[in-house]
Amino acid sequence: MKKRAEKNASAEKKTDLKKIYKWIFAVLLAIIVAVFGFCFTVREGTNAIVSRFGDVRGVYTESGLHFKLPYPFEKVISYDTRSQYMDSGYTETLTNDKKNIILQTYIIWRVEDVQKFYKSVGDMEKAKKYLNDLAATVKNGVMGGYTLQNLVSTDLEKIKINEVSSKISEGIAEKALADYGIKVEKVKIKRLALPNKNVESVLEQMIADREKQATQLLAEGERDAAVIISEADAKAAEIIAAGKLEAAEIDADTEKKVAAIYGEAYDKDSTLFVFLKKLIALENSVSEDTVIVMKAQDGPFGIISDVN
């Protein structure tokens, strides 16, 4: 009897433990269902929309644990609000001077207005498509105000790529925020290409620009050379004039000294002085082959008759 009672007590104890385990399991299951059914978590770098039968019931921008009704009454849609990068497609557009070009841009963007983004776009892949279409439209509009030389030129002053990029960025940013709730942080030109049919015309334009620049450089060189030559001629003329003046002064001084010497010689012996002058004149007038027929008494030949 005693063993049977102990056996029954042990069986009842096991039954009680099973009931306790079942209750614990049920409570845990209820907690899990409550957590997953009535709670949701917003992570860092994301925002969440709680929709009730398609309508927005709440927008949650703060990270942490939040409450909602279980599915299908309410649904949670999370969006990554961190900056996103995308390459736009290749857009063939027309410049103001009727030249076809191909532009590719890259866009840095993020979800700014979660509610507007949810209603107008819905998901991130559609957002990329909408941004790509918007970029193509804006690029067509902006490039209509610029020529090919504003993008490709040997003259750096004509190139306005930064200005073009800024206008494209402004146009996309304004439309994206107003229509889609997307904040465009940066738009830059990644690649600029030309259709094959335009390459030849661009090369011709570049050659023409180079020739124009070369002509300008040659003209400037000739102008500078003319200035240098003119300055050199003026300097040479100045030096020659100074030399002639100095030579004239030397000649005048020399003649003055010679005149003084002649005067002094004449004062000492005028007869001898006249004789020597005539002799010098005679010597300078004739040579070994000279034949002169003159009266002997004519000067300076008078000295011959005087000697006789």
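In the block above lies the structure referred to throughout.
Because the structure is a prediction, the values reported are computed rather than measured.

**Some thoughts on helix α3 (residues 124–143)**
Part 1 of the reasoning: The first and last C-alpha atoms of α3 sit 28 Å apart over 20 residues, in line with the 28 Å expected at 1.5 Å per residue.
Part 2 of the reasoning: The set of residues buried in α3 consists of Met124, Ala127, Leu131, Leu134, Ala135, Val138, Lys139, Val142 and Met143. For α3, the angular spread of buried residues about the axis comes to 145°, placing them on one side. Among the exposed residues of α3, those pointing more than 90 degrees away from its buried face are Glu125, Lys129, Thr137 and Gly141.
Part 3 of the reasoning: Put simply, Asp123 is the residue that caps the front of α3, since its side-chain oxygen is 3.1 Å from the backbone nitrogen of Glu125.

**Section: the pairing of strand β3 (residues 55–60)**
Part 1 of the reasoning: Looking at chain direction, strand β2 (residues 46–52) and β3 are connected through 5 bridges and run antiparallel. By the bridge assignment, Ser51 is partnered in β3 with Val56.
Part 2 of the reasoning: Between the antiparallel neighbours β2 and β3 lie 2 residues, among them Phe53 with a positive phi of about 55°.

**Here we look at the packing of α3 against helix α4 (residues 161–180)**
Part 1 of the reasoning: Packing of α3 against α4 brings their axes to within 9 Å, and their N-to-C directions diverge by 135°. Classified by the angle their axes make, α3 and α4 are oblique. Between α3 and α4 lies a crossing whose hand is right-handed. Contacts between α3 and α4 involve Tyr130, Leu131, Leu134, Ala135, Val138, Lys139, Val142 and Met143 from the first element and Val164, Lys167, Ile168, Gly171, Ile172, Lys175, Ala176 and Tyr180 from the second.

What counts, and at which threshold
Residues numbered from 1 in each chain as written. Predicted model: local features only at pLDDT ≥ 70, side-chain atom pairs only at ≥ 80, totals over all residues. Heavy atoms only, no water. Helix = DSSP H or I, 4+ residues; strand = E, 2+ residues; numbered from the N terminus. Expected span 1.5 Å × (residues − 1). Buried < 20%, exposed > 50% of the residue type's maximum accessible area, 1.4 Å probe, protein only. Arc of directions from axis to C-beta. Polar contact = N/O pair within 3.5 Å; in protein donor to acceptor, adjacent residues only side chain to side chain. Pairing = 2+ DSSP bridges. Axes fitted to C-alpha atoms, helices over the stretch in contact; angles between N-to-C directions. Parallel < 35°, antiparallel > 145°, perpendicular 65-115°, else oblique. Left-handed = near helix turned anticlockwise from the far one by under 90°. Contact = heavy atoms within 4.5 Å.

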